[in-house]
Amino acid sequence: MALLIGVPKETAAGEKRVATVPEVVEKLIKLGFRVAVQSGAGDAANCSDEAYRAAGAEVLPDAATLWGRADIVFKVRPPSPDEVALMREGGMLVGFVWPAQNPALMEQLAARKATVLAIDALPRQLSRAQKMDALTSQAGVSGYRAVIEAANAFGRFFNGQITAAGKVPPAKVFVAGAGVAGLAAIGTAANLGAIVRANDTRAEVADQVVSLGGEFVKVDYEEEGSGGGGYAKVMSEGFQAAQREMYAKQAREVDIIITTALIPGKPAPRLITAEMVQTMRPGSVIVDMAAEQGGNCELTVPGEAVVRHGVTIVGYTDLASRLAKQSSTLYATNLLRLTEDLCKTKDGTVDVNFDDDAIRGLTVIKDGAVTWPAPPPKLPPAPPKPKADAAAPAAAKAKGHGHGSVEPMSGKTLAIVFAIGAVLFWFVGAYAPASFLQHFTVFVLACFVGYMVVWNVTPSLHTPLMSVTNAISSIIAIGALVQVAPPLTAAGAADRPNTLILVCAVVALVLTAINMFGGFAVTRRMLAMFRK
């Protein structure tokens, strides 16, 4: 029998999101599952009970009924102790769990012999896991909402304007941390017309910041800050001192600061001190997106917006929930992609396959046994760096042929090839008609020149080269047409071509047509990549 997926109403204070939406319910049913939703679960996200019923879901009156009947429970926030008590023994839970921060919850779920898939434990370094990455989807929503909250608290325009009443300068925004949330904030602020600056301990995100319209502000201290899995690592004392100096300078200059810095399993690092807040202009705004983990600003009050030294400090912990419909839709899609991986047979059953690195990383409890933390996923080995002594031969090889895997001919081999070619050419010239010899000479020279031209092109340019070869293909097509329909004789009649020549000409026309149309199609797709 098909398993029942249950979606309860979130009980956390102020939480407006719901774990699935009517559009996704239809897709879950197509996978063979039955779906039940607690009455009122989607009201705050503009998903009515009627919409769920229309999508094929059953609407249950209360949480006890839903938790007691559901084989699989989809949730957003970690369940409360009361909700765990309602869960049927041996059931499955999918949602945010945060196993490192909630050891007591892990014990309760293990006691219920549950199977728990923590969406926050997804190994994000796996490219195939990106479709299930709810942390990324929710962080993108939060970054966008952070800018909206900043604009609401800020007393001026974001973009610069020239009005009859005078000139309005653009707002200056500084984003601390250029992860997913930070990049979303950078793009949103830049689109609103602000001058945006950003910083991150990972130097590789500088290009991403610039591509979104921001300016990357570098700390005057050399140290690599990537900690793997899309997160930053804890930096050295020397780096932190240089970073504080840079933040203090930005605090004096900008109007809005948005902080996003988080390190897995640790309290949020303190980036903005009380002294920095005092140096900011009255009316400035700080949006602390790390408020739930203690905050990046020393004066942040989690869950509240407070004014300190004339600066509004926004410490809301429900930024994604403030765009409930959007964030619920994205989250529901993430869970759908996970369910598709769990149910490849589309028969309404699930297979928690530990051979799948993504599923293994998500599974923190299986049948009551705690399996967290998961072993590191098997990543493909990094390509070996070329040795210094091998660099010169490799460069010479690439320069000579454009294909590094092909060795150049030795002088002896080249002489033998030319000798054989000369003998064949003499044989053809000795026995073939004079008119054929003339055409054969042009053919051989054309093959040689074409080979040398194409072979010396770098492989990365072969696709653009296809549009150029269309011109060559056109000449081949004209030649084939001439052979199919030869010119009229002086008497006004056409000579019937030899059957073999006719067949070769038709084949040449077919192959040339494929090459020409294929070349134009590839060129069109290539050019489309550079258009907005």
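Residues numbered from 1 in each chain as written. Predicted model: local features only at pLDDT ≥ 70, side-chain atom pairs only at ≥ 80, totals over all residues. Heavy atoms only, no water.

### Considerations on the overall build of the protein chain
The test is simple: Only runs of H or I of at least four residues qualify as helices and only runs of E of at least two qualify as strands under DSSP, and these elements are numbered from the N terminus. The buried label goes to any residue with under 20% of its type's maximum accessible area, the exposed label to any with over 50%, and the partly exposed label to all in between, with areas taken from a 1.4 Å probe on protein chains only. Any two residues whose heavy atoms approach within 4.5 Å are treated as being in contact. Note on areas: Shrake-Rupley, 1.4 Å probe, and residue coverage restricted to the protein chains presented here.
Per the secondary structure count, the protein chain includes 17 helices and 19 strands. Of all 532 residues assigned to the protein chain, the portion counted as buried reaches 40%. Sequence separation of 24 or more characterises 62% of the internal contacts of the protein chain that already satisfy a separation of 6 or more. With an accessible surface of roughly 28,400 Å², the protein chain has 62% of that area assigned to carbon and sulfur atoms.

### Some words on the nonpolar core
Our working rule: Each nonpolar core is a collection of buried residues, namely Ala, Val, Leu, Ile, Met, Phe, Trp, Tyr and Cys, held together in the definition by side-chain atoms within 4.5 Å.
Of all hydrophobic cores here, the largest spans 45 residues; its most connected members are Y52, F74, V94, I119, Y331 and L338. Once residues lying within four places of it in the same chain are set aside, the contact partners of L338 are V94, L117, I119, M132, I359 and L362. Among the nonpolar cores identified, the runner-up in size contains 30 residues, and A139, A146, A150 and F154 belong to it.

### A word on the sheet that holds strand β15 (residues 285–288)
Heads up, the condition is: Only strands joined by at least two bridges in the DSSP assignment are considered to pair.
Spatially, seven strands are ordered β11-β10-β9-β14-β15-β17-β16 in an open sheet, and the strand pairing comes out mixed. Strands with a single pairing partner mark the edges of an open sheet, and in this sheet they are β11 (215–216) and β16 (305–308). Where β15 meets strand β17 (residues 311–314), three bridges bridge the pair, whose relative direction is parallel. Bridging from a neighbouring strand, V285 pairs with T312 of β17.

### A few points about the environment of S211
To keep things clear, this is the line we draw: Contacts described as polar in this section are N or O atom pairs within 3.5 Å, which, within protein, must combine one atom able to donate a hydrogen with one able to accept it, while residues neighboring in sequence count only if both atoms come from side chains.
Summarising the element assignment, S211 is placed in helix α8 (residues 206–211). Judged by its relative accessible area of 59%, S211 falls in the exposed class. Between the C-alpha atoms of S211 and L183, which are 28 residues apart in sequence, the distance is 10.0 Å. From its side chain, S211 meets the backbone oxygen of Q208 in a polar contact 2.7 Å long.

### Comments concerning the sheet that holds strand β3 (residues 58–60)
Defined as follows: Every angle, taken between N-to-C directions, lies between 0 and 180 degrees, and every axis is a line fitted to C-alpha atoms, over only the stretch in contact when it is a helix.
The sheet built from eight strands is open, its strands ordered β3-β2-β1-β4-β5-β6-β18-β19 with mixed pairing. Two strands lie at the open edges of the sheet, namely β3 and β19 (369–370), each paired on one side alone. Bridge analysis of strand β1 (residues 4–7) against strand β2 (residues 34–38) gives four bridges, and the strand direction is parallel. Looking across to β2, one finds that L4 is bridged to R34. Along the sheet, helix α11 (residues 324–342) makes contact with β4 (72–74), β5 (92–95) and β6 (115–118), crossing β5 at roughly 135°.

### Here's the deal with the packing of helix α6 (residues 134–153) against helix α7 (residues 180–191)
Where we set the bar: Each angle is binned into one of four classes, with values under 35 degrees roughly parallel, values over 145 roughly antiparallel, values of 65 to 115 roughly perpendicular, and all other values oblique. For a crossing to be left-handed, the near helix must be turned anticlockwise from the far one by less than a right angle; the clockwise case is right-handed.
Orientation of α6 relative to α7, taken along the N-to-C sense of each, is 40°, at an axis distance of 7 Å. One finds that α6 runs oblique with respect to α7. Crossing hand, α6 versus α7: right-handed. Note on element contacts: α7 touches α6 through V180, A181, A184, A185, T188 and A189, opposite T136, A139, G140, G143, Y144 and V147.

### Structural notes on the side chain of Q250
Structurally, the position occupied by Q250 is in helix α9 (residues 237–253). A relative accessible area of 5% places Q250 in the buried class. Here R197 takes part through its side chain, which lies 2.9 Å from a polar atom of the side chain of Q250. With residues near it in sequence (within four places) discarded, Q250 still touches F174, R197 and V217.

### Focus: unusual backbone geometry
In the segment running from W372 into P373, the intervening peptide bond is cis, with an omega of 0°. Backbone geometry places W98, a non-glycine residue, at a positive phi of 55°. Tracing the sequence through the fold places W98 in the loop between β5 and α5 (103–111). For W98, a relative accessible area of 34% translates into the label partly exposed. Positive phi, close to 55°, is recorded for D367, a residue that is not glycine. Considering the arrangement of structural elements, one finds D367 in the loop between β18 (363–366) and β19. The class of D367 is exposed, set by a relative accessible area of 56%.

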